[in-house]
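Chain by chain, the residues:
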Protein chains: 2
Amino acid sequence: MEVIGILEKYSENVQKEINAALSTVEPEALQESSLHLVKAGGKMIRPALAILSAEAVGGKAEDAMKTAAAVELIHTFSLIHDDIMDQDDKRRGQPSVHVLWGDAMAILAGDTLFSKAFETVLWTEQDGVDSQMILSALQTVVDSCVKICEGQASDMGFAEQLEVSEEEYLHMIYKKTAALIAAATRSGAILGGGTKQQVEALTEYGKLIGLAFQIQDDYLDVVSDEENLGKPVGSDIAEGKRTLLVVHTMEAASPEDREELITILKEKSDQNVPRAIEIFQKYGSIDYAHHIAHDNVKQAKELLTILDDSPSRTALMMLADFVLERSH
Amino acid sequence: MEVIGILEKYSENVQKEINAALSTVEPEALQESSLHLVKAGGKMIRPALAILSAEAVGGKAEDAMKTAAAVELIHTFSLIHDDIMDQDDKRRGQPSVHVLWGDAMAILAGDTLFSKAFETVLWTEQDGVDSQMILSALQTVVDSCVKICEGQASDMGFAEQLEVSEEEYLHMIYKKTAALIAAATRSGAILGGGTKQQVEALTEYGKLIGLAFQIQDDYLDVVSDEENLGKPVGSDIAEGKRTLLVVHTMEAASPEDREELITILKEKSDQNVPRAIEIFQKYGSIDYAHHIAHDNVKQAKELLTILDDSPSRTALMMLADFVLERSH
């Protein structure tokens, strides 16, 4: 089965849960703004990871279906609020929610999706799932929400901070990106009735592919092309972002090269993107990021070997590789 | 016991739970912005209602303590986001969070408090409370969060809507203000082990005093004085807000008076506040609002008679009256 097939297998049922959650929202403007990015269509990787994790430990897809939908709702909530904070005007090929409805309604749409996410997890009770398991799944999901906020706050703080260590950077992307992916696999494993060892392995798997996902983003920004990226090569440089390439170079470079890179990042323009890439190359930072992303995926797949072989385990292996294969 | 004593009795323990929830938040800017309004000090009416409801049905204060803190966290989250949306620059005598940290950090501070609220309810497990009860309390709290968002969206929509019926208005304030107060009393009653009848009575009590609270606000805006209100008399009129006074007058008034009131509300200035008050008086709208607030409080207190007499029930009776006594 192709990766696209894996993602499509569950997306219709996940979509049904999301629509059920949002169908009662009023007034109309709040419902429409809440549904906007859902309708624009995401890849639904997180819900697939939750469901596959439930199945891979011997559970049923249905037990994790509502929590899978909840994780997608949380992802969407964070996109809406991030777009306001970062003043990003486009998302999923559409104008952002705040562009269409204004900041006030966009804040509320995010808050609504956030509330609905927890409500959706709680609805798992209707599927006859054990209360204790639901509470554990909720704890997992809530914990990732705190981390998403903390990660975004750190990311914003980095913009004013010259020296960001690799450790600080990895801690930030763990919270901002990987924690929710780990919450998807962990809550899926919990609701599927996994053993403690299985739950921990799938949590770590989620964390590792989440980190790889973000690092691969950093890497592709300088090695891919505009058509694949859907944005100009070196956008991260032009925006002055702290990526793993920047962090690695800053730790390895000569005072002169550090100085030059800092100057380029502060310019917030694309005129010196090629020069920044040259500096990254000089210190092997591009290869380094590529290596780290691959290594995380390799470790993630190794963790899955404690699970019995099954189509769901195979699908999780393929999704780990997909993190590296995707072009944007 | 005075009302102030009732509120102070639990506020220290509630504050401890809130501080415990926020003590681990990082980076520093996120923790400080999340704590800002908590430190500025609220009256802590909602937590007191949750705890008293638990006690009034024969439960222990401790069983509802974390959920009481969670309700206060949700209230604070909604204040932070509302202040961004409504561009209110002051809150609790302090500059608003977005004034001090900017909109982006204020959005995140709200999201953090929101996440922490759910985490705090989940921590009730540590107190040995039954899982099923925690899930019911969570359902109650989550449901009120959805309603807060819907109520705020409706309130924003009313600004562009000339005709707002009394029913629409009451539905809006139920969602925006009363639902969380009802969630406080309901979740308290659930966690205190109340019977179905007790839980329903305390839910309705919370809803009624919540409605009375908002309607009394509308009333005080035109009958109190600047010193007591902490803002000029008739601010609601100067801001063009749809209050119960406006809604009642619009339904009862002659076409000419309606026209004039609409014109004044559209001006968004304080120059015709006295004339608007004259129109309200002509149609008995001020007395009407006063009567509705009192009637809601009376009904709320009657509902409490199904509970056994206890100091907590007496305190709930007093808090109902306090809604009308407060001057701002």
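Quick notes on the rules
Residues numbered from 1 in each chain as written. Chains lettered and ligands numbered in written order. Predicted model: local features only at pLDDT ≥ 70, side-chain atom pairs only at ≥ 80, totals over all residues. Heavy atoms only, no water. Contact = heavy atoms within 4.5 Å. Buried area = accessible area lost by both parts, 1.4 Å probe. Salt bridge = Lys/Arg side-chain N within 4 Å of Asp/Glu carboxyl O. Polar contact = N/O pair within 3.5 Å; in protein donor to acceptor, adjacent residues only side chain to side chain. Helix = DSSP H or I, 4+ residues; strand = E, 2+ residues; numbered from the N terminus. Least-squares fit on C-alpha atoms with pLDDT ≥ 70 in both. Core = buried A, V, L, I, M, F, W, Y, C linked by side-chain atoms within 4.5 Å. Buried < 20%, exposed > 50% of the residue type's maximum accessible area, 1.4 Å probe, protein only. Expected span 1.5 Å × (residues − 1). Phe/Tyr/Trp six-rings, centres within 6.5 Å; stacked < 30°, edge-to-face > 60°. Lys NZ or Arg CZ within 6 Å of the ring centre and 35° of its normal. Axes fitted to C-alpha atoms, helices over the stretch in contact; angles between N-to-C directions. Parallel < 35°, antiparallel > 145°, perpendicular 65-115°, else oblique. Nonpolar A, V, L, I, M, F, W, Y, C, P; charged D, E, K, R; others polar. Left-handed = near helix turned anticlockwise from the far one by under 90°. pLDDT = per-residue confidence, 0-100. Bend = angle between axes of the 7 residues up to and from the residue. Disulfide = S-S within 2.5 Å. Patch = residues over 30% accessible without salt bridge, like charges linked within 9 Å, V, L, I, M, F, W, Y side chains within 5 Å. Areas by Shrake-Rupley, 256 points an atom, 1.4 Å probe, with all protein chains shown as cover. Lys, Arg positive; Asp, Glu negative; His and termini not counted. Charge placed at Lys NZ, Arg CZ, Asp CG, Glu CD.

Asker: Just checking my understanding: could you explain the interface of chain B and chain A for this structure?
Answerer: The parts lose accessible area when they come together, and the size of an interface is often stated as this lost area. Taken residue by residue, the interface counts 41 residues in chain B and 41 residues in chain A. Roughly 3,500 Å² is buried in total at the junction of chain B and chain A, and carbon and sulfur atoms are behind 70% of that figure. Three residues stand out in chain B for area buried against chain A, namely L108(B), L122(B) and L135(B), and they jointly supply 16% of the buried area on that side. Its salt-bridge partner being K175(A), residue E26(B) comes within 2.4 Å of it at the nearest N-O pair. Across the chain B-chain A interface, the total number found is 12 residue pairs in polar contact (both at pLDDT 80 or more). Mapped by element, the contributors of at least two residues to the side of chain B that touches chain A are α4 (61–86), α5 (97–122), α6 (131–158) and α7 (166–191) of chain B. With 16 residues, the single largest contributor to the side of chain B that touches chain A is α6(B).

Asker: What exactly am I supposed to notice about the relation of the copies chain B and chain A here?
Answerer: There are two copies of the chain, and a rotation about an axis plus a shift along that axis relates them. Between the two copies, chain B and chain A, the superposition gives an RMSD of 0.0 Å; the rotation angle is 180° and the shift along the axis is 0.0 Å. Expressed as an axis order, the relation between the two copies is that of a two-fold axis. Taking C-alpha positions as the reference, the residue of chain B nearest the rotation axis is S131(B), at 3.1 Å. The overlap is high: 100% of the interface residues of chain B also sit at the interface in chain A, so the same surface is used on both sides.

Asker: I keep staring at the nonpolar core and nothing clicks. Help me out?
Answerer: Taken as a class, soluble globular proteins show a tendency for nonpolar side chains to be buried jointly. Core analysis: the largest hydrophobic core is formed by 235 residues, its most contacted members being Y205(A), L319(A), Y205(B) and L319(B). In this structure, L319(B) is in contact with V3(B), I6(B), L7(B), A48(B), L49(B), L52(B) and Y205(B), ignoring residues within four places of it in sequence.

Asker: What am I meant to see in α6(B) here?
Answerer: Along an α-helix, residues three or four apart share an orientation, since each turn contains 3.6 residues. Residues and elements named next belong to chain B. Here α6 spans 41 Å end to end across 28 residues, near enough to the 40 Å set by a 1.5 Å rise per residue. Across the 28 residues that make up α6, a large majority, 22, are buried. Between the side-chain oxygen of the N-cap and the backbone nitrogen of Q132 there are 3.2 Å, and the N-cap of α6 in question is D130.

Asker: Just to check I follow, could you spell out the packing of aromatic side chains for this structure?
Answerer: The geometry of an aromatic ring pair comes down to the distance between the two centres and the angle between the two planes. In total, this model carries 6 aromatic pairs over all chains according to the counting rule given. Between the aromatic rings of F114(A) and F114(B), the centroid separation amounts to 4.8 Å while the plane-to-plane angle is 85°, which identifies the pairing as edge-to-face. With F114(A) in helix α5 (residues 97–122) and F114(B) in helix α5, this pair bridges two chains. Both residues of the pair, F114(A) and F114(B), count as buried. Here F118(A) and F118(B) contribute two aromatic rings whose centre-to-centre distance is 4.4 Å and whose plane-to-plane angle is 35°, an arrangement assigned as tilted. Note that F118(A) is positioned in helix α5 and F118(B) in helix α5, a pairing that runs across two chains. An identical accessibility class is assigned to F118(A) and F118(B); each is buried. Within the aromatic cluster, the residues linked to one another by ring pairs are F77(A), F114(A), F118(A), F77(B), F114(B) and F118(B). If you follow K207(A) out to its NZ or CZ, it ends over the ring of Y174(A), 4.6 Å from the centre.

Asker: Got a minute to help me understand the side chain of T140(A) in this structure?
Answerer: Structurally, the position occupied by T140(A) is in helix α6 (residues 131–158). Once residues lying within four places of it in the same chain are set aside, the contact partners of T140(A) are A183(A), R186(A), S187(A) and I190(A).

Asker: Looking at this model, I keep getting lost on the packing of helix α8 (residues 196–223) of chain A against helix α15 (residues 311–325) of chain A. Mind explaining?
Answerer: Packed helix pairs are characterised by how far apart their axes lie and by the angle those axes make with each other. Residues and elements named next belong to chain A. Direction vectors running N to C along α8 and α15 enclose 20°, while the axes themselves pass 8 Å from each other. With respect to each other, α8 and α15 are oriented roughly parallel. On α15, the residues that touch L202, Y205, I209, A212, F213 and Q216 of α8 are L316, L319, A320, V323 and L324. Classifying every residue of the contact of α8 with α15 by side-chain character gives 10 nonpolar, 1 polar and no charged.

Asker: Help me understand the packing of helix α8 (residues 196–223) of chain B against helix α14 (residues 285–303) of chain B in this model?
Answerer: All names here are of chain B. The interhelical angle for the contact between α8 and α14, taken along N-to-C directions, is 160°, at an axis separation of 8 Å. In terms of their interaxial angle, α8 and α14 are classed as roughly antiparallel. The way α8 lies across α14 gives a crossing that is left-handed. Packed against α8, whose contacting residues are A201, E204, Y205, L208, I209, L211, A212, I215, Q216, Y219, V222 and V223, the element α14 presents I286, A289, H290, I292, A293, N296, V297, Q299, A300 and L303 at the interface. Residues belonging to the contact of α8 with α14 are distributed by class as follows: 17 nonpolar, 4 polar and 1 charged.

Asker: Sorry, what's going on with the confidence of the model for chain A here?
Answerer: As a general rule, the predicted coordinates of low-pLDDT regions are not to be interpreted in detail. In this model, chain A carries an average pLDDT of 95, and 99% of its residues clear a pLDDT of 70 or more. Overall fold confidence (pTM) sits at 0.96, and the ipTM for the predicted complex is 0.95.

Asker: Help me understand unusual backbone geometry, please; the structure alone is not making it clear to me.
Answerer: Most peptide bonds adopt trans geometry, and most residues besides glycine take a negative phi value. Following E26(A), the chain continues to P27(A) via a peptide bond in cis, the omega torsion being -5°. Relative to the helices and strands, P27(A) resides in the loop between α1 (3–22) and α2 (28–40). Positive phi, close to 50°, is recorded for R92(B), a residue that is not glycine.

Asker: Can you help me understand the side chain of K147(B) in this one?
Answerer: All names here are of chain B. Within the secondary structure layout, K147 lies in helix α6. For K147, a relative accessible area of 15% corresponds to the buried category. For K147, the side chain forms a polar contact with the side chain of D143, separated by 2.7 Å.

Asker: Looking at this structure, I do not really get the pattern of salt bridges. What am I missing?
Answerer: Any two side chains of opposite charge can pair, given that their charged atoms come close. Here the structure, examined in full by the defined rule, presents 38 salt bridges over all chains. With a closest N to O distance of 2.5 Å, R258(B) and E163(B) form a salt bridge. With R258(B) in helix α12 (residues 255–267) and E163(B) in the loop between α6 and α7, the pair connects residues that are 95 residues apart, well separated along the chain. Judged by its relative accessible area of 23%, R258(B) is partly exposed. Of the residues examined, E163(B) reaches a relative accessible area of 46% and is grouped as partly exposed. Between K241(B) and D236(B) there is a salt bridge, with the nearest N and O atoms lying 3.7 Å from each other. One connected set of salt bridges, linked through shared partners, spans D257(A), E260(A), R275(A), E278(A) and K282(A).

Asker: Help me understand α7(B) in this model?
Answerer: All names here are of chain B. Maximal helix bending in α7 amounts to about 55°, located at A178. Of all 26 residues making up α7, 19 are buried, and the element is well covered by its neighbours. In the segment just after α7, G193 is the residue with positive phi, at about 80°.

Asker: What is the right way to look at the state of the cysteines in this model?
Answerer: By definition, a disulfide is the covalent link that joins the sulfur atoms of two cysteine residues. All names here are of chain A. A full pass over the atoms with the stated rule returns 0 disulfides over all chains. C145 forms no disulfide, and the closest cysteine sulfur to it belongs to C149, at a distance of 7.1 Å. On the accessibility criterion, C145 (2% relative accessible area) is buried.

Asker: Got a minute to help me understand the environment of S96(B) in this structure?
Answerer: All names here are of chain B. You can see S96 is positioned in the loop between β2 (94–95) and α5. Apart from residues lying up to four places away in sequence, S96 is in contact with D83, D88, D89, K90 and R91. Polar contacts involving the side chain of S96 include one to the main-chain amide nitrogen of K90, which spans 3.2 Å.

Asker: Help me understand a negative patch on the surface, please; the structure alone is not making it clear to me.
Answerer: Together, D86(A), D88(A), D89(A) and E239(A) give the surface a local cluster of negative charge. Take D88(A): it is sitting in the loop between α4 (61–86) and β1 (90–91).

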